[in-house]
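Breakdown of the fold
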Amino acid sequence: MADTPLNIQAAEKLIHDVRMLQEDYEARKAAGDSVAEIKERQSKFEADLAKIADKMVNLGQPTPPRDIRAEFNRDMRLAMRGVSMQLGPEERAAFDAQQTQFRATALGVTNASTGSFLTSPEYVKEIIKIENDLSPIRKYANVMPIGKGEAQIPRKKTRPTTKSTDEGGISAETDPTVFELVTVPVRQYSASTPVTQWMLEDANFDIASMITEDIAESFAIDEGADFLNGVGPTEPEGLMVNASVTHNIHSGETTELLSADKLIDLMCNIKSGYLAKSPVWVMRRSTFAKVAALKGGTSSGYVFQFAMNMSLPTTILGYPIVLAEDMPAIGAGTFPILFGSLKSAYTIVDRLDLQAMIDPYTKWGSGYTLFNFRKRVGGAVVNPEAVTKLEIGA
């Protein structure tokens with residue numbers, strides 16, 4: 001007659017029987033039962049376990065109250081361990097050898113001979129990306145596209161002079177506005193990444209797209225650093241290195257501290273007109289940590305104010321904060337804080353956006369394809385009086 005589906009009560013009874021196995025072993029051992037009889041009883045329970053494995057899916061309920069098979073397996077292992085503990089030294093050694101041989105020949109994931117290569121780890125087709133600090137200067141500066149190798153921007157050097165006269169007086173000749181030309185040269189960033197043909201053919205990822213994305217981000221990181229600290233003939237001019245940008249000296253305290261009064265002085269170091277042209281504070285995170293703890297006085301509130309909601313900026317003395325990790329850290333003789341209207345002070349010119357050229361020919365004989373990239377961009381301080389910086393005294 002075919003086996004009937006195992007119900008919950010039958011399974012629980014079998015679990016109870018297994019849990020009584022240890023006590024049964026001890027009783028049979030005390031009664032002088034032979035090892036053969038104990039092993040025979042063990043075989044019977046192994047057969048019962050096989051039946052449970054076949055019938056567990058037919059319990060007749062959508063979700064058993066607990067994992068009965070897991071409980072049975074656990075108790076069976078304990079019971080088998082009890083068999084080993086009840087045997088004499090020679091019998092126990094034989095029993096353990098039998099179990100070791102069983103484990104060595106059973107299919108498993110430990111050795112190739114037992115089928116370990118039939119399993120494999122799951123490969124996740126997603127690359128973990130490490131976040132980089134991108135410069136925010138482009139967002140706040142004046143950015144313009146151009147079609148030539150440099151931009152020339154007229155700038156007023158002086159305003160026209162005027163003179164007062166009496167009624168009916170003759171107007172005297174006055175000096176007109178004086179102009180000068182500010183030049184913003186274009187620089188070039190480039191990169192060349194070799195990739196083997198096999199990598200392009202066999203990779204689990206779109207290698208070309210990944211390389212393009214990474215190079216674009218690297219260009220953004222490098223140009224952002226140069227917009228603040230660029231020097232030399234191949235880099236955009238940096239805001240922090242322009243000699244015409246004014247500065248206030250912060251002295252009289254240790255280089256690890258800042259003064260709220262000095263921040264107020266710095267804010268007032270630029271003309272009032274620029275305070276209406278979206279000025280910002282620019283500093284790195286470590287400097288911001290110091291500034292955020294400053295108070296206006298003994299009983300005053302913090303000069304730093306958290307935004308009440310995401311649509312409002314976080315401010316210092318009412319003006320937004322821009323975090324830029326390319327700014328210098330606090331230290332003797334450094335300039336850790338910049339304040340002013342970046343849009344008035346700094347101009348970025350875009351001559352050529354990211355351009356890519358895939359070259360499979362130059363290194364064809366070696367089995368490589370070259371991914372070549374370039375970008376032409378420039379930057380310069382066009383109005384240094386619109387910003388000011390804080391110097392930490394030695």
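Quick summary incoming for the structure in this document. All values derive from a computational prediction rather than experimental measurement.

Side note on the pattern of salt bridges
When charged atoms on two side chains of opposite charge get close, those side chains can pair. Within this structure, the stated rule accounts for 8 salt bridges. Its salt-bridge partner being Asp350, residue Arg138 comes within 2.9 Å of it at the nearest N-O pair. Residue Arg138 is found in helix α6 (residues 137-140), and its partner Asp350 is found in strand β11 (residues 346-359); the two are separated by 212 residues along the sequence. On the accessibility criterion, Asp350 (22% relative accessible area) is partly exposed. Linking Lys271 and Glu385 is a salt bridge whose minimum nitrogen-to-oxygen distance equals 3.2 Å. With Lys271 in the loop between α9 (260-267) and α10 (272-275) and Glu385 in the loop between β12 (368-381) and β13 (387-392), this pair connects stretches of sequence that are 114 residues apart. Three or more residues are tied together by salt bridges with common partners; here these are Asp133, Arg284, Arg285 and Glu325.

So, helix α8 (residues 207-229)
Along its 23 residues, α8 runs 33 Å from first to last C-alpha, staying within 8% of the 33 Å computed at 1.5 Å per residue. Of all the residues in α8, the buried ones are Ile207, Ile211, Ile215, Glu217, Phe219, Glu223, Gly224, Asp226, Phe227 and Leu228. Packed against the buried residues of α8 are α6, β4 (187-196), α7 (197-202), β11 and β12.

Things to note about the environment of Arg138
Residue classification places Arg138 among the partly exposed residues on the basis of a relative accessible area of 25%. The sequence separation of Arg138 and Gly379 amounts to 241 residues, and the corresponding C-alpha distance is 9.8 Å. Excluding residues that lie within four positions of it along the chain, Arg138 makes contacts with Val143, Glu223, Phe227, Ile348, Asp350, Lys375 and Val377.

Observations concerning the pairing of strand β6 (residues 280-283)
In β6, alternate side chains face the same way, and those of Val280 and Val282 on one face and Trp281 and Met283 on the other are all buried. As paired elements, β6 and strand β9 (residues 319-323) share 3 bridges and run parallel to each other. When the bridges of β9 are listed, Met283 appears paired with Leu323.

A short note on the nonpolar core
Formed by 50 residues in total, the largest nonpolar core has its most connected members in Leu239, Leu258, Trp281, Val282, Ile337, Leu338 and Leu342. Excluding residues that lie within four positions of it along the chain, Leu342 makes contacts with Ile137, Tyr140, Ala141, Asn142, Leu239, Val280, Val282 and Val387. Membership of the second largest hydrophobic core comes to 8 residues, among which are Ala151, Val349, Ala380 and Val382.

Observations regarding the packing of aromatic side chains
For the structure shown, the criterion picks out 4 aromatic pairs. On the numbers, 6.3 Å between centres and 45° between planes, the contact of Tyr189 with Phe219 is tilted. One end of the pair, Tyr189, is in strand β4; the other, Phe219, is in helix α8, with 30 residues separating them in the sequence. Its relative accessible area of 11% is what places Tyr189 among the buried residues. Relative to Phe339, the ring of Tyr319 has its centre 5.5 Å away and its plane inclined at 70°; by these criteria the two rings are edge-to-face. Of this pair, Tyr319 sits in strand β9 while Phe339 is found in strand β10 (residues 337-340), placing the two residues 20 residues apart along the sequence. Here Tyr319 and Phe339 have matching classes, each one buried. Grouped by ring-pair contacts, the aromatic residues Trp281, Tyr319 and Phe339 constitute a single cluster.

Side note on unusual backbone geometry
For residues that are not glycine, phi is negative in most cases, and the peptide bond is trans in most cases. Its identity as a non-glycine residue notwithstanding, Ser278 has a phi of 55°, on the positive side. Within the element layout of this structure, Ser278 appears in the loop between α10 and β6. Residue Ser278 is classed as exposed on the basis of its relative accessible area, which comes to 62%.

Some thoughts on the sheet that holds β4
Taken in spatial order, the 4 strands of this open sheet run β1-β11-β12-β4, and their pairing is mixed. In the strand order of this sheet, the two ends are held by β1 (142-145) and β4, each with one partner. Here the average twist between neighbouring strands, direction ignored, is 25°. For β1 and β11, the ladder comprises 4 bridges, and the chain directions are parallel. Within β11, the residue paired with Val143 across the bridge is Ile348. With respect to the sheet, α8 is in contact with β4, β11 and β12, its orientation differing from that of β12 by roughly 25°.

How each quantity is defined
- Residues numbered from 1 in each chain as written.
- Predicted model: local features only at pLDDT ≥ 70, side-chain atom pairs only at ≥ 80, totals over all residues.
- Heavy atoms only, no water.
- Salt bridge = Lys/Arg side-chain N within 4 Å of Asp/Glu carboxyl O.
- Helix = DSSP H or I, 4+ residues; strand = E, 2+ residues; numbered from the N terminus.
- Buried < 20%, exposed > 50% of the residue type's maximum accessible area, 1.4 Å probe, protein only.
- Expected span 1.5 Å × (residues − 1).
- Contact = heavy atoms within 4.5 Å.
- Pairing = 2+ DSSP bridges.
- Core = buried A, V, L, I, M, F, W, Y, C linked by side-chain atoms within 4.5 Å.
- Phe/Tyr/Trp six-rings, centres within 6.5 Å; stacked < 30°, edge-to-face > 60°.
- Axes fitted to C-alpha atoms, helices over the stretch in contact; angles between N-to-C directions.

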